[in-house]
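Per-entry structural report
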Amino acid sequence: MDKRIGNTVINTCSVTHCHSRMPILREEERVLDQHFLHFSYVQGFTPTQSDSALFIQFTTPPHHSFHSLHRWYTHIHSYGAEKLKFPGPKHTSLSFTFNNTKVTIMVNKTTEETGVVAMDSLSLAEKDSGQGQGQAEDIVDPWNVQASSNKGIDYDKLIDRFGSSRIDEALLERFERITGHKPHHFLRRGIFFSHRDMHSILNRVEAGKNFFLYTGRGPSSDAMHLGHLIPFIMTKWLQDVFDVPLVIQLTDDEKYLWKDLKLNNCHKLAYENAKDIIAVGFDVNKTFIFSDLDFVSGEFYKNVLMVQKHVTFNQVKGIFGFDESSNIGKIMFPAVQAAPSFSSSFPLIFGAKKDIPCLIPCAIDQDPYFRMTRDVAPRIGFQKPALIHSTFFPALQGAGSKMSASDETSSIFLTDTPNQVKKKINKYAFSGGRDTLEEHRELGGDCEVDVSYMYLSFFLEDDARLQEIRQEYSSGRMLTGELKAELIKVLQQIVKDHQERRKAVTDEVVKQFMTPRPLNFTGKS
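Residues numbered from 1 in each chain as written. Predicted model: local features only at pLDDT ≥ 70, side-chain atom pairs only at ≥ 80, totals over all residues. Heavy atoms only, no water.

**Considerations on the overall build of the protein chain**
Across its full length, the protein chain holds 25 helices and 13 strands. Sorting the 525 residues of the protein chain into buried and exposed places 52% on the buried side. Surface summary for the protein chain: the accessible area is close to 23700 Å², and the carbon and sulfur share equals 50%. (Helix = DSSP H or I, 4+ residues; strand = E, 2+ residues; numbered from the N terminus. Buried < 20%, exposed > 50% of the residue type's maximum accessible area, 1.4 Å probe, protein only. Areas by Shrake-Rupley, 256 points an atom, 1.4 Å probe, with all protein chains shown as cover.)

Okay, here's the thing in C-alpha cells:
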C-alpha cells in the first residue's frame, strides 16, 4: 500500500499480503542512515532480531552515499548465518523517525522465520570460506586477543565485525589538506587502520572549533613494553599537530577488579607507568594524567552515574560477556572508562561545557567500551567520542601468539638493556626466512609473518629504507640474521632514548601532570 511520510509517498506492504521482499526505498535509506549515525544497532547496544529482520529486507546493499547505514549493513552482514540467532523478540514492523520524518518497514514474517533470505544473503565468498562451520576465528575483546593464524588478526573482518570504518586514502588526503602535516607513518602504513567519526573531528578543525584527546593505560606491571607505547606515540603526535588538551586515564581500579593484585600495588603501578607515559614527551601545559583511585569524584562521578543508569546489565553482558560469576565491580567499570569521553567530567579544564567532543586513539580491543559510550552519549546529552584504532603489536613469537607483560620473552620492555634487546630479537623473534640458505636465496623471506620486519614497520620511520628492506628480504638477498641486525640497531636506540627521558621524570614532574588544574585550552567549543 502507499504510505505518505512528510512530503514523500513510500510503498510498504503488510505482513499478511507481502510474500516477497519489497526494495528499501531511497527515502527510507536516508532516514535509516540518520538513525545509524547516532546508534550502532536498531535498538540497544548489541545486535538483536530487529537488526536481523531489517537486514533481510534489503534486496541489495544500501546506496554507498549513506555511510552510517552502509556501515551497519556490512557489520550485520559479517555475522553470516549467525544473524538468525540474534537475541530478542521478532517484530512485524520496525519504525524509525528523524526530523519528523517517520519510516515504518513491515517485516516479511514468512521469509524472516524460515531464514531463506538470510541464508541467500550470504556472499559466495562467505559460503566458500565455510563461515559458521566451526573454522578458527580471531578472538578480540578488551581482555583477550588471539589470532587464528601466524599472519595475525584479519583486520578487514574485524572492521566488518565491529562496524567501524577503514582509514583510507581519502581520509589521509583530507587530514593532510586540513592540518598541513603529512600523516604519521602509523597512519600511512595502516598501523592505525580504522576509525569512528574522524571526519567529524576534521569538520570541527575546518570550522575553527576545538576538541580534546583522551587515551589511557591499565597499569598491571612495573615495566611497560614497546607495544604499550603505540597509542601514546600516536596521541603525542596528534597533540602536537592539533595543539589540543589531552586527558590520560590510568585504570588502576580496573586492574584491581580483573587481576590478582593488591589495591595499593595497583595504585603504585599507576604512578610508575605514568613516568613512562610522560617520557614519551607530552606537553605538561596541555596534559592531565589521572589515577581513577585518586580522581573519580565530583562531576566525573556524576557522569559515571548517568552512564550506569542508562545502560542495563543485559546490555553490558552482551557487549563484554559478563556472567553470574563476574564481580559487580566489573559490571559497573565500563561507565568509568566512558566518563573521560565527556568534557564536563573535567570542569577545571572545560568549565561547564558539555559539547566539546574527544578523539580517542586506542588499540581496537578497547572499542567495545566506546561503542557503549557512543550509544549512550546522545541519551544523556553528550557528544559521541570519535576514535582511531590501532592494530596489535605482535609478540616476539609471532602475530598468532599472545603478548604478555608477565612474560619477559614475549616483547622488548622499556627497561631492557641493549644486550637484552639483542638477545631477545636473535633468540625469540619469529622468522619468515626459509629452512635453508639455498631456499631463502631462491624464494625469499616472508615479510607477512616475520616479526623483525613487523617491528620495523612500527619503529623505522624512513619509508624508503623500510621498502628497501622489504624488497631485499623478500627477494632473498637479505638474510634473517641481517634483518634482525637492522631491527636490533633501531630498537636499542629507541629504548636507550626512552630510558634517558624517563630518568628526567621525577616525582615532582609526575605530580605536575597528575594535579587537577586548568590546561592551556583557548579554542572555541
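**Focus: the side chain of D252**
Take D252: it is sitting in helix α12 (residues 252–258). One buried charged residue, D252, remains without a salt bridge, the closest side chain of opposite sign being K255 at 11 Å. Among the polar contacts listed, one links the side chain of D252 to the backbone nitrogen of L293, at a separation of 3.2 Å. With residues near it in sequence (within four places) discarded, D252 still touches P219, C266, H267, A270, S291, D292 and L293. (Lys, Arg positive; Asp, Glu negative; His and termini not counted. Salt bridge = Lys/Arg side-chain N within 4 Å of Asp/Glu carboxyl O. Polar contact = N/O pair within 3.5 Å; in protein donor to acceptor, adjacent residues only side chain to side chain. Contact = heavy atoms within 4.5 Å.)

**Here's the deal with the pairing of strand β11 (residues 287–291)**
Summarising burial for β11: 5 of the 5 residues are buried, a large majority. The alternating pattern of β11 places T287, I289 and S291 and F288 and F290 on opposite faces, both of which are buried. Pairing between strand β10 (residues 246–250) and β11: 5 bridges, direction parallel. Looking at β11, one finds that Q249 is bridged to F290. (Pairing = 2+ DSSP bridges.)

**Notes on the packing of aromatic side chains**
Applying the stated criterion across every chain, the model contains 33 aromatic pairs. Taken together, a centroid distance of 4.8 Å and an interplanar angle of 45 degrees make the contact between F212 and F350 tilted. With a gap of 138 residues between them, F212 in strand β9 (residues 212–217) and F350 in helix α18 (residues 347–350) connect regions that are remote in the sequence. Residue classification places F350 among the buried positions, given a relative accessible area of 4%. Through a chain of ring-to-ring contacts, three or more aromatic side chains come together here, namely F186, F192, F393, Y455, F458 and F459. Its guanidinium or amino end placed over the ring of F162, R371 lies 4.6 Å from that ring's centre, counting from NZ or CZ. (Phe/Tyr/Trp six-rings, centres within 6.5 Å; stacked < 30°, edge-to-face > 60°. Lys NZ or Arg CZ within 6 Å of the ring centre and 35° of its normal.)

**Observations regarding the pattern of salt bridges**
Enumeration over the complete set of coordinates arrives at 22 salt bridges. Across the pair E486 and R465 runs a salt bridge whose closest N-O atoms are separated by 2.3 Å. Residue E486 is found in helix α24 (residues 480–503), and its partner R465 is found in helix α23 (residues 463–475); the two are separated by 21 residues along the sequence. For E486, a relative accessible area of 18% gives the class buried. Each of E272, K275, D276, R502 and D507 takes part in salt bridges that share partners, so that together they form one network.

**What to know about helix α1 (residues 26–38)**
Each α-helix winds once per 3.6 residues, and so residues spaced three or four apart point in a common direction. The end-to-end C-alpha distance of α1 is 19 Å, a good match for the 18 Å that 13 residues give at a rise of 1.5 Å each. Along α1, the residues that are buried comprise E27, E28, E29, V31, L32, D33, H35 and F36. (Expected span 1.5 Å × (residues − 1).)

**Quick word on a nonpolar patch on the surface**
Judged by side-chain polarity, Y256, L263 and L293 come together as a nonpolar surface patch covering roughly 250 Å² of accessible area. Judged by its relative accessible area of 39%, Y256 is partly exposed. (Patch = residues over 30% accessible without salt bridge, like charges linked within 9 Å, V, L, I, M, F, W, Y side chains within 5 Å.)

**Examining the sheet that holds strand β12 (residues 358–363)**
Pairing in this open sheet of 7 strands is mixed, and the strands run β7-β8-β13-β12-β9-β10-β11 from one edge to the other. Two strands bound the open sheet, and with one partner strand each, they are β7 (165–166) and β11. With 5 bridges connecting them, β12 and strand β13 (residues 386–390) associate as parallel partners. Within β13, the position partnered with P361 by the bridge is I388.

**A short note on the environment of P334**
Inspection of the secondary structure puts P334 in helix α17 (residues 328–338). When residues no more than four places from it in sequence are discounted, the contact partners of P334 are F320, F322, Y369 and M372.

**Brief notes about helix α10 (residues 198–206)**
Three or more residues of α10 are buried, namely M198, I201, L202 and R204. Axial view of α10: buried residues confined to an arc of 155 degrees, hence all on one face. Where the residues of α10 are buried, they touch α8 (169–179), β8 (192–196), α11 (226–242), β12 and β13. One or two positions beyond α10, positive phi appears at G208, with a value near 80 degrees. (Arc of directions from axis to C-beta.)

**Section: unusual backbone geometry**
For D197, which is not a glycine, the phi torsion comes out positive at approximately 65 degrees. With respect to the helices and strands, the residue D197 is situated in the loop between β8 and α10.

**Some remarks on a negative patch on the surface**
Together, D168, E169, E173 and E176 make up a region of like negative charge exposed at the surface. Among the structural elements, D168 can be located in the loop between β7 and α8. Overall, D168 belongs to the partly exposed group, its relative accessible area being 38%. (Charge placed at Lys NZ, Arg CZ, Asp CG, Glu CD.)

**Looking at the pairing of β10**
Where burial is concerned, most of β10 is hidden: 5 out of the 5 residues are buried. Covered by surrounding structure in β10 are L246, I248 and L250 together with V247 and Q249, the residues of both alternating faces. Two strands pair when backbone bridges link them, and β9 and β10 are joined in this way by 5 bridges, in the parallel orientation. From the neighbouring strand, R217 faces β10, where its bridge partner is L250.

**Examining the nonpolar core**
If you look at the biggest cluster of nonpolar residues, it comprises 68 residues, and the most contacted ones within it are F192, L226, L238, L359, I412, I425 and L491. Ranked by residue count, the leading element in this core is α11, at 9 residues. Not counting residues up to four positions away in its chain, the partners in contact with I412 are H225, L226, L396, V421, K424, I425, Y455, L491 and V495. (Core = buried A, V, L, I, M, F, W, Y, C linked by side-chain atoms within 4.5 Å.)

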